[in-house]
Amino acid sequence: MPIWLTLMITVVAVAAIFLTTPSGQKLARAAGIKTSRAGEPPREDRDFLLRVCDGDEGEVAKRLEIERRRNPAMNEAQVYRKAIRSYMNGRE
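About the thresholds
Residues numbered from 1 in each chain as written. Predicted model: local features only at pLDDT ≥ 70, side-chain atom pairs only at ≥ 80, totals over all residues. Heavy atoms only, no water. Core = buried A, V, L, I, M, F, W, Y, C linked by side-chain atoms within 4.5 Å. Buried < 20%, exposed > 50% of the residue type's maximum accessible area, 1.4 Å probe, protein only. Helix = DSSP H or I, 4+ residues; strand = E, 2+ residues; numbered from the N terminus. Contact = heavy atoms within 4.5 Å.

*Asks:* Looking at this model, I keep getting lost on the nonpolar core. Mind explaining?
*Replies:* If you look at soluble globular proteins, the nonpolar side chains tend to sit buried side by side. Listed in full, the ten residues of the largest apolar core are L49, V52, C53, V60, L64, V79, Y80, A83, I84 and Y87. Among the secondary structure elements, those contributing two or more residues to this core are α3 (43–52), α4 (57–70) and α5 (76–91). Ranked by residues supplied to this core, first place goes to α5 with five residues. Ignoring anything within four residues of it in the chain, the contact list for Y80 reads P41, D45, R46, L49 and L64.

*Asks:* What is the right way to read unusual backbone geometry from this model?
*Replies:* One non-glycine residue with positive phi stands out, namely D54, at about 55°. Looking at where D54 falls in the secondary structure, it is placed in the loop between α3 and α4. The class of D54 is exposed, set by a relative accessible area of 73%.

Dropping the structure here:
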């Protein structure tokens, strides 16, 4: 295998691994690169909760914290979904 091909594969592998770290995620967001992480809530879920809380980020945080305490094993996406379901059930 040519050295340039080995070098290119190595650089791509290191970059892919770096993008899975918090620093890499921050750099990717700053560069406008969209990366998704398992367990990260969809933007639509964040937007929906913010909308039903009348734009009050403190209220969103409170609702999420309640669900985190009730369900400590859930990842962030699951916590958002649970908070949305709790809101929907409370409306009925």
